[in-house]
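The primary structure of each chain is shown beneath.
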Amino acid sequence: MASDKKKTVLRSANWFGTRDKNGFMYRSWMKNQGIPEHHFEGKPVIGICNTWSELTPCNAHFRKIAEHVKKGVIEAGGVPVEFPVFSNGESNLRPTAMFTRNLAAMDTEEAIRGNPLDAVVLLVGCDKTTPALLMGAASCNLPTIVVTGGPMLNGKHKGKDVGSGTLVWQAHEEYKAGNISLHEFLSAEASMSRSAGTCNTMGTASTMACMAESLGTSLPHNAAIPAVDSRRYVLAHLSGMRIVDMVHEDLTLSKVLTKEAFINAIRTNAAIGGSTNAVIHLKAIAGRIGVDLDLDDWKEGREVPTLVNLQPSGKYLMEEFYYAGGLPAVLCRLGESGALNKDCLTVNGKTIGENVEDAPCYDDDVIRPLDNPLVENGGICILRGNLAPRGAVLKPSAASPELMNHRGRAVVFENFEHYKSRVVDPDLDIDETCVMVLKNCGPKGYPGMAEVGNMGLPPKVLKKGVKDMVRISDARMSGTAFGTVVLHTAPEAMEFGPLAAVQDGDMIHLDAHNGVLHLEVSDEEIAARLENLKSNQIIANTSGYEAMYRNHVMQADEGCDFDFLVGCRGSEVPPHSH
Ligand code: FES
């Protein structure tokens, strides 16, 4: 339904609205695309910010989605203009797509602010593209709506459903052992990823899609509609129509991204069994819009039950999640439990409570009822102590209950290369009661904070049939990973956080129930060890983007944004000097 309101002064009029030399130049060059004169006469100009790239396979179908957004924009009386921004795809980009998240956010922010746009539609999908574009858009604060590319269809291999990533290790092991042929190995690759879209487990991409919807920045159902389902394209069309109304209503991003909306997202993350990466990304987005989101705010979600029975915490995949009712069904149940701030405004102009009221659930095994959750207290656990003065995180729904309170002897890996060479050593003094400690994989230590925190167990322990051990690092882990894994320890080892001081044989106590991570070494001894490390520090000699990254990236508890990018700088821009 189109809005009756009409915005009289459009931002784009600063470019196209003057009948002088400047207006001539702005319009003339745009007209080389076949844009007629009447499109410059008071119609909202809608930017479609596209992370399409054939090198980001999860987003490779976005040109088609953009076409449907355009149809909606035109139908509602706007002028769509599609533009590309840096596309950081998780599967190909080295050293990690997180390394360039802030680069994509910078690109997005400057592209939005510097161009004649009244509002933007963000086309996002693969893990880092969602936070990057929301961060950039938040710093501009125009009316903004998120359209996600949607998950892949379920993988189908030998008659069974397979989730993105789940077949990789299994197929590789079987191929190495000679149990399957090369042909079978290659066909497993094709079976796992058989349609357009993002990873179909509740990994980071699906988590961030759910975060965007629970924050109120997308239309209901945006998170889960499969990429190839025609309803995905209908949603894109409707989003295109809606963004035009948002211009007339002056419904800017800051009216949606409130502190209460972030608390909704934190609780939603618990209910979906979402990725720990959301802790970093939500903080970074909040920082851009001026919302003070602290690591301790995650305690708001600690006791929320995990309802969504999706891999890696559970059984099903995103296709079943959509068919069962998708995120509106989850939010409806959160609302019934009192865990949803129902008054938060969303991009469709309604509150989130109105959007999900009576949202049906069609399968109580996929989306569990409140009285039969997958995990009782599913929210991400925030840990503090002398080993993590600025915090660390643990995902209870991925952890072993018996290890949530564990005291063990540290076995230390100084960096990921050291881990890889040492963990396979048959003489390594380690057993399942030990605590594996990995250093120098934080934001600066391994630029981009690699997803290696769920380091594989030593072969000699695996041979005993042991499936889990306590692992602690300053790294991240993939949203699809599993285990009693303490991540994001801050400050990181490279910044001489106490993690850097841990030595083989030190005793460590993890008490996740009480949020404590304690190194049983005196403060004086920790300080002395750190002083010794500082005196032997070797400064990495870097240049290019990596130099900027190392100089400005903040710690995990601060969202790993660049220090100079925090904040909302608005959409004002000096005039062009033609
Ligand atoms: Fe892109 Fe998983 S690799 S969503």
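Owing to the predicted nature of the structure, the values given are computational and were not obtained by experimental measurement. (Residues numbered from 1 in each chain as written. Predicted model: local features only at pLDDT ≥ 70, side-chain atom pairs only at ≥ 80, totals over all residues. Heavy atoms only, no water.)

Trainee: Please provide a residue-by-residue account of a nonpolar patch on the surface, values included.
Mentor: Residues Tyr175, Leu182 and Leu186 make up a contiguous nonpolar surface patch of about 260 Å² in total accessible area. Tracing the backbone shows Tyr175 in helix α6 (residues 166–176). Residue Tyr175 is classed as partly exposed on the basis of its relative accessible area of 33%. (Patch = residues over 30% accessible without salt bridge, like charges linked within 9 Å, V, L, I, M, F, W, Y side chains within 5 Å. Areas by Shrake-Rupley, 256 points an atom, 1.4 Å probe, with all protein chains shown as cover. Salt bridge = Lys/Arg side-chain N within 4 Å of Asp/Glu carboxyl O. Helix = DSSP H or I, 4+ residues; strand = E, 2+ residues; numbered from the N terminus. Buried < 20%, exposed > 50% of the residue type's maximum accessible area, 1.4 Å probe, protein only.)

Trainee: I'd like a rundown of the environment of Pro443, residues and numbers included.
Mentor: By the element assignment, Pro443 lies in the loop between β10 (435–438) and α17 (459–462). Distance in space between the C-alpha atoms of Pro443 and His488 is 8.9 Å, their sequence separation being 45 residues. With sequence-adjacent residues up to four places away left out, Pro443 is seen in contact with Gly448, Met449, Asp474, Glu492, Tyr549, Val553, Met554, Gln555, Ala556 and Cys560. (Contact = heavy atoms within 4.5 Å.)

Trainee: A description of the UniProt feature "domain: Dihydroxy-acid/6-phosphogluconate dehydratase N-terminal" (unreviewed entry) in the protein chain should follow, citing residues and the corresponding values.
Mentor: Here, the residues flagged by UniProt with the feature "domain: Dihydroxy-acid/6-phosphogluconate dehydratase N-terminal" (unreviewed entry) are residues 43–355. A helix fraction of 47% and a strand fraction of 9% characterise residues 43–355, whose end C-alpha atoms lie 29 Å from each other. (UniProt positions renumbered as here; feature names shortened; annotations may be inferred.)

Trainee: Give a detailed account of the sheet that holds strand β3 (residues 119–124), specifying residues and quantitative values.
Mentor: Strand order in the open sheet formed by four strands is β2-β1-β3-β4, and the pairing between neighbours is parallel. The open sheet has two free edges, formed respectively by β2 (79–84) and β4 (144–148), since each of these has just one partner strand. Sheet twist, expressed as the mean angle between neighbouring strand axes with direction ignored, is 20 degrees. Where strand β1 (residues 45–50) lies against β3, five bridges are found, and the strand directions are parallel. The partner of Asn50 across the bridge, within β3, is Leu123. (Pairing = 2+ DSSP bridges. Axes fitted to C-alpha atoms, helices over the stretch in contact; angles between N-to-C directions.)

Trainee: So what's going on with the UniProt feature "domain: Dihydroxy-acid/6-phosphogluconate dehydratase C-terminal" (unreviewed entry) in the protein chain? Which residues, and what values?
Mentor: Here, the residues flagged by UniProt with the feature "domain: Dihydroxy-acid/6-phosphogluconate dehydratase C-terminal" (unreviewed entry) are residues 365–560. Helix makes up 17% of residues 365–560 and strand 20%, with an end-to-end C-alpha separation of 36 Å.

Trainee: For the nonpolar core, give the residues involved together with the corresponding values.
Mentor: Residues Leu122, Leu123, Ile243, Phe262, Leu282 and Phe321 are the most contacted members of the largest nonpolar core, which totals 111 residues. By residue number, the principal contributor to this core is helix α11 (residues 259–272), which donates eight residues. Aside from chain neighbours lying at most four places away, what touches Phe321 is Met202, Cys210, Ala224, Val308, Leu310, Gly326, Leu327, Val330, Val366 and Ile367. Counting residues in each nonpolar core, the second largest holds 29 residues, with Cys381, Leu383, Leu387 and Ile526 among its members. (Core = buried A, V, L, I, M, F, W, Y, C linked by side-chain atoms within 4.5 Å.)

Trainee: I'd love a proper account of helix α14 (residues 326–337), names of residues and values included.
Mentor: Spanning twelve residues, α14 covers 18 Å between terminal C-alpha atoms, matching the ideal 16 Å at 1.5 Å per step. Most of α14 sits out of view: ten of its twelve residues are buried. All of the buried residues along α14 are Gly326, Leu327, Pro328, Ala329, Val330, Leu331, Cys332, Arg333, Leu334 and Gly335. Looking at the buried side of α14, the elements it contacts are α8 (204–215), α11, α13 (318–323) and α15 (352–356). (Expected span 1.5 Å × (residues − 1).)

Trainee: Help me get a handle on the packing of α8 against α14, residues and values and all.
Mentor: Where α8 contacts α14, the axes come no closer than 11 Å and their chain directions differ by 60 degrees. Taken as axis vectors, α8 and α14 run oblique relative to one another. Along this stretch, α8 crosses α14, giving a crossing that reads as right-handed. Contacts between α8 and α14 pair Cys210, Glu213 and Ser214 from the former with Leu327, Pro328 and Leu331 from the latter. For the contact of α8 with α14, the per-class residue count stands at four nonpolar, one polar and one charged. (Parallel < 35°, antiparallel > 145°, perpendicular 65-115°, else oblique. Left-handed = near helix turned anticlockwise from the far one by under 90°. Nonpolar A, V, L, I, M, F, W, Y, C, P; charged D, E, K, R; others polar.)

Trainee: Outline the packing of aromatic side chains, supporting the account with residue identities and numerical values.
Mentor: Going through the model one piece at a time under the given rule, you end up with twelve aromatic pairs. The interplanar angle of 20 degrees and the centroid separation of 4.8 Å between the aromatic rings of Tyr175 and Phe185 together place this pair among those described as stacked. Placement of the pair is Tyr175 in helix α6 and Phe185 in helix α7 (residues 182–192), with a sequence separation of ten residues. Look at Tyr545 and Phe562: their rings are 6.2 Å apart centre to centre, the planes differ by 50 degrees, and that puts the pair in the tilted class. Within this pair, whereas Tyr545 is found in helix α19 (residues 544–552), its partner Phe562 is found in the segment after α19, the two being separated by 17 residues in sequence. Accessibility classification places Tyr545 together with Phe562 in one group, the buried group. Each residue in the set Phe99, Tyr545, Tyr549, Phe562 and Phe564 is aromatic and connected to the rest through ring pairs, giving one cluster. The ring of Tyr233 carries the charged tip of Lys64 above its face, separated from the ring centre by 4.5 Å. (Phe/Tyr/Trp six-rings, centres within 6.5 Å; stacked < 30°, edge-to-face > 60°. Lys NZ or Arg CZ within 6 Å of the ring centre and 35° of its normal.)

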